[in-house]
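Close look at the chain arrangement
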Amino acid sequence: MTTQDTAQRPALRSQRLNQITNEPHTKLDALVKTHAPFETQANFARFVVAQYLFQSELVGLYNDAELIAIVPDLAARCRAEAAKADLADLETEVPAPVAGAVKNPSKAEALGWLFVSEGSKLGAAFLIKRAIGLGLSETFGARHLGEPAGGRAEGWKSFVKTLDGLELTAQEEAEMDKGAIAAFNRFTVLLEQAYATTAELA
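Residues numbered from 1 in each chain as written. Predicted model: local features only at pLDDT ≥ 70, side-chain atom pairs only at ≥ 80, totals over all residues. Heavy atoms only, no water.

Going by the annotation in an unreviewed UniProt entry, the name recorded for the protein is Biliverdin-producing heme oxygenase, with Pseudomonas hormoni given as the source organism.

Given below as structure tokens:
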């Protein structure tokens, strides 16, 4: 990307991603509220099922050598194991995979998915406070919402700085946008799936 191109695109890449995902993000937030995950531990357990499903689908991306070359601490950022430990704390079975997981995305598309996953750690700062009201904590039942090593704000700033500094083609920019939107849509599907199984488990 040339300096001229940058001048014509005043918004940072991360700001653009926030903008284009605003609609699916707002819809997802509303959907989470309808399921009232912080009303009871049982409701929260279903929320953790969705979180585990989503994070487990991204394990391959968090451990991808090409992506780690871009974000060196990427593997340590993955929360699949934390969510799995939360399920054990909440005496909830580890769910079977749900068809439709992301498969072999391009590097740029994968970064779009990771942008959404990493961004959700900021919202987790508010969610952990609600989880504490259910008798849970960063060491029991709500580990995946815990403060990452080095702090939430620092971890996010460092990820975004790396993302905004990449030189990408127009096609790669479009792939990253596609990945970010797909990530929100996928979490929405997994959330619906997690709460749809509640009746069967009761």
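Read on for the rest.
1. Re the packing of aromatic side chains
For clarity, the threshold we go by: Two aromatic rings, drawn from Phe, Tyr or Trp (for Trp, its six-membered ring), form a pair once their centres lie within 6.5 Å of each other, and the interplanar angle then sorts them: stacked below 30 degrees, edge-to-face above 60, tilted otherwise. Only runs of H or I of at least four residues qualify as helices and only runs of E of at least two qualify as strands under DSSP, and these elements are numbered from the N terminus. Relative accessible area decides the class of each residue, using a 1.4 Å probe on protein chains only: under 20% of the type maximum gives buried, over 50% gives exposed, and in between gives partly exposed.
What the rule picks out here adds up to seven aromatic pairs. Measuring from centroid to centroid gives 6.1 Å for Phe-54 and Trp-113, while their planes differ by 25°, and the two rings are stacked. Of this pair, Phe-54 sits in helix 4 (residues 41-57) while Trp-113 is found in helix 9 (residues 107-132), placing the two residues 59 residues apart along the sequence. Just as Phe-54 is buried, Trp-113 falls in that class too. Taking the centre distance of 6.1 Å and the plane angle of 20° together, the rings of Trp-156 and Phe-159 count as stacked. With Trp-156 and Phe-159 both in helix 10 (residues 152-165), this residue pair falls three residues apart, about one helical turn.

2. A short note on the nonpolar core
Going by this rule: Buried Ala, Val, Leu, Ile, Met, Phe, Trp, Tyr and Cys residues that are joined via side-chain atoms within 4.5 Å together make up what is termed a nonpolar core. The contact rule is simple, with two residues in contact once any of their heavy atoms fall within 4.5 Å.
Residues Phe-44, Leu-114 and Leu-191 are the most contacted members of the largest nonpolar core, which totals 54 residues. Mapped onto this core, the elements with two or more residues apiece are helix 3 (22-34), helix 4, helix 5 (59-62), helix 6 (65-70), helix 8 (80-89), helix 9, helix 10 and helix 11 (170-196). By residue number, the principal contributor to this core is helix 9, which donates 10 residues. Leave out the neighbours within four places in its chain, and Leu-114 touches Leu-61, Tyr-62, Leu-67, Leu-74 and Phe-159.

3. Concerning the pattern of salt bridges
Where we set the bar: Any Lys or Arg side-chain nitrogen located within 4 Å of an Asp or Glu carboxyl oxygen qualifies as a salt bridge.
Taken as a whole and assessed by the stated rule, the structure comprises 14 salt bridges. One salt bridge in this structure joins Arg-16 and Glu-173, with 2.9 Å as the shortest N-O distance. Separated by 157 residues along the polypeptide, Arg-16 in helix 2 (residues 13-20) and Glu-173 in helix 11 bring together distant segments of the chain. Glu-173 carries the same exposure label as Arg-16, and that label is buried. The shortest N-O distance in the salt bridge between Arg-77 and Glu-118 comes to 2.6 Å. Remark: Glu-118 occurs in helix 9 and Arg-77 occurs in helix 7 (residues 74-77); sequence separation between them is 41 residues. Residue classification places Arg-77 among the buried positions, given a relative accessible area of 8%. The class of Glu-118 is buried, set by a relative accessible area of 2%.

4. Overview of the packing of helix 4 against helix 9
This is how it is decided: Convention adopted: a line fitted to C-alpha atoms gives each axis, helices being fitted over their contacting stretch, and angles between N-to-C directions are expressed from 0 to 180 degrees. Should an angle fall under 35 degrees it is called roughly parallel, over 145 degrees roughly antiparallel, and 65 to 115 degrees roughly perpendicular, with every other angle called oblique. Should the near helix be turned anticlockwise from the far one by less than a right angle, the crossing is termed left-handed; should it be turned clockwise, right-handed. Residue classes follow a fixed rule: Ala, Val, Leu, Ile, Met, Phe, Trp, Tyr, Cys and Pro count as nonpolar, while Asp, Glu, Lys and Arg count as charged, and any other residue, Gly among them, counts as polar.
Where helix 4 contacts helix 9, the two axes come as close as 13 Å, and the packing angle between them is 160°. Accordingly, the angle class assigned to the pair helix 4 and helix 9 is roughly antiparallel. Crossing angle aside, the handedness with which helix 4 passes helix 9 is left-handed. Residue-level contacts link Phe-44, Phe-47, Phe-54 and Gln-55 of helix 4 to Trp-113, Ser-117, Leu-127 and Ala-131 of helix 9. Tallied by class, the residues present in the contact of helix 4 with helix 9 amount to six nonpolar, two polar and no charged.

5. Looking at unusual backbone geometry
Notably, Ala-36 is not glycine yet its phi reads approximately 45°, a positive angle. Position of Ala-36 among the secondary structure elements: in the loop between helix 3 and helix 4. Ala-36 gets classed as buried once you look at its relative accessible area, which sits at 17%. Here Glu-91, not a glycine, exhibits a phi torsion of approximately 55°, which is positive. For Glu-91, the position within the fold is in the loop between helix 8 and helix 9. Overall, the relative accessible area of 76% leaves Glu-91 in the exposed class.

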